[in-house]
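Coordinate analysis (summary)
So the chains spell out like this:
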Amino acid sequence: MKNIFAILLVILVCNLQAQDRLKLAKLKYDGGGDWYANKTALPNLAEFCNQHLNMNLDEDDESVDVSSPELFLYPYIYMTGHGNVVFTNTDAENLRTYLEAGGFLHIDDNYGLDQFIRLEMKKVFPELEFVELPFDHPIYHQKFDFKDGLPKIHEHDGKPAQGLALIFEGRVVCFYSYESDLGNGWEDQSIHNDPEEKRQQALKIGANLISYAFTQYNN
């Protein structure tokens, strides 16, 4: 199975390099949770990165199934939702292969995801635990500096925002923005009526995540 995925990886990376514009994608998963939430988030983040990081990202909203070989087309995968998540063994194996090969998963708790995603990510990396990244981690110091770590965008139950991570062989393969709700901050201002300062914080840390993910993918 791993040999098959290795061959697919080579083919799909070649296709990625041939594309005019790199793409971001939202992860589609089973279980009934609203994986499709935050519809304007990725387009707005891509536009922000194009403007401030001189990138050439496609601003269309893409989605990819967790079990699909097309996962390997995307250096950065965004996962969000409020509810249940279920990974099959095939899903977990495909996602692990993608992450081990250099991919990056950003899980963004849209409030209600936490109790499910911790269990499902154990299927992907049973040997790993989520750890809070120190504030001096490179994710917080790319184009934009966040000396206090992950910003708090939306208030739900009074808990502080935490930037959690799964670290595999010294590399952050999964960043989990918990109690922050970055995706809501990325969305059109009219949807959540966030102050512009909060939206800019969300977009800037999002740009840092994109910058980190793409750098790791190319190494």
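Up top is the structure these notes are about.
Brief notes about helix 3 (residues 89–100)
A rise of 1.5 Å per residue sets the reference length of helix 3, with its twelve residues, at 16 Å; its end C-alpha atoms lie 16 Å apart and thus fit the reference within 8%. The complete set of buried residues in helix 3 reads Asp-91, Ala-92, Asn-94, Leu-95, Arg-96, Thr-97, Tyr-98 and Leu-99. One or two residues past the end of helix 3 sits Gly-102, with phi positive at roughly 120°.

What to know about helix 4 (residues 114–124)
Because each turn of an α-helix spans 3.6 residues, side chains separated by three or four positions end up pointing in the same direction. Residues of helix 4 that are buried include every one of Asp-114, Ile-117, Glu-120, Met-121 and Val-124, and no others. One side of helix 4 holds all its buried residues, which, seen down the axis, span an arc of 135°. What points out from helix 4, more than 90 degrees from its buried face, is the exposed set Gln-115 and Leu-119.

Concerning the packing of aromatic side chains
Enumeration over the complete set of coordinates arrives at ten aromatic pairs. Seen from their ring centres, Tyr-76 and Phe-104 are 6.2 Å apart, and the 20° between their planes marks the pair as stacked. In this pair, Tyr-76 is assigned in strand 3 (residues 76–81) and Phe-104 in strand 4 (residues 104–109), connecting sequence segments 28 residues apart. Across this residue pair, the class does not change: Tyr-76 and Phe-104 are buried. With 5.3 Å between their ring centres and 45° between their planes, Tyr-78 and Trp-186 make a pair best called tilted. Taken as a pair, Tyr-78 in strand 3 and Trp-186 in helix 5 (residues 182–186) lie far apart in primary sequence, 108 residues in all. Side by side, Tyr-78 and Trp-186 carry an identical accessibility label, which is buried. Every member of this aromatic cluster is reached through a ring pair, and the members are Tyr-76, Phe-104 and Tyr-212. Here the basic side chain of Arg-118 rests over the ring of Tyr-178, its NZ or CZ set 5.7 Å away from the ring centre.

Re the pairing of strand 4
Where burial is concerned, most of strand 4 is hidden: six out of the six residues are buried. Alternating residues of strand 4 divide into Phe-104, His-106 and Asp-108 and Leu-105, Ile-107 and Asp-109, and every residue in both groups is buried. Taken together, strand 3, helix 3 and strand 4 constitute a β-α-β crossover, and its handedness is right-handed.

Notes on the sheet that holds strand 5 (residues 131–132)
In space, the seven strands of this open sheet follow the order 2-1-3-4-7-6-5, with mixed pairing throughout. Unpaired on one side and paired on the other, strand 2 (63–65) and strand 5 mark the two borders of the sheet. By the bridge criterion, six bridges tie strand 3 to strand 4 in an arrangement that is parallel. Residue pairing for strand 4: Thr-80 is matched across the bridge by Asp-108. Sheet contacts for helix 3: strand 3, strand 4, strand 6 (162–168) and strand 7 (171–178); angle to strand 4, the most-contacted strand, approximately 120°. Contacts between helix 4 and the sheet are confined to strand 3, strand 4, strand 6 and strand 7, with strand 7 contributing the most and set at about 165° to the helix.

Rules and cut-offs
What you see as residue numbers is a count from 1 along each chain, following the sequence as written. Selection of residues for local features in this predicted model requires a pLDDT of at least 70, selection of side-chain atom pairs for listing and counting requires 80 or more, and totals for whole chains, interfaces and linings are taken over all residues. Neither water nor hydrogens contribute to the side-chain values; these are computed over all heavy atoms in the structure. Numbering of helices and strands runs from the N terminus, with a helix taken as a DSSP run of H or I at least four residues long and a strand as a DSSP run of E at least two residues long. A helix is expected to reach a length of 1.5 Å times the quantity of its residues less one. The buried label goes to any residue with under 20% of its type's maximum accessible area, the exposed label to any with over 50%, and the partly exposed label to all in between, with areas taken from a 1.4 Å probe on protein chains only. Read the arc as the range of directions from the helix axis to the C-beta atoms. Only centres within 6.5 Å qualify two rings of Phe, Tyr or Trp (six-membered ring in Trp) as a pair; their planes then separate them into stacked at under 30 degrees, edge-to-face at over 60, and tilted for everything else. Our definition puts a charge over a ring when NZ of Lys or CZ of Arg is within 6 Å of the ring centre and also within 35 degrees of the ring normal. Note on handedness: a clockwise path from strand one over the helix to strand two, with the strands aimed away from the viewer, defines a right-handed crossover. Two strands pair if DSSP finds at least two bridges between them. In this description, contact between two residues means that some pair of their heavy atoms is separated by no more than 4.5 Å. Axes here refer to lines fitted to C-alpha atoms; in helices the fit is confined to the stretch in contact. Angles between the N-to-C directions go from 0 to 180 degrees.

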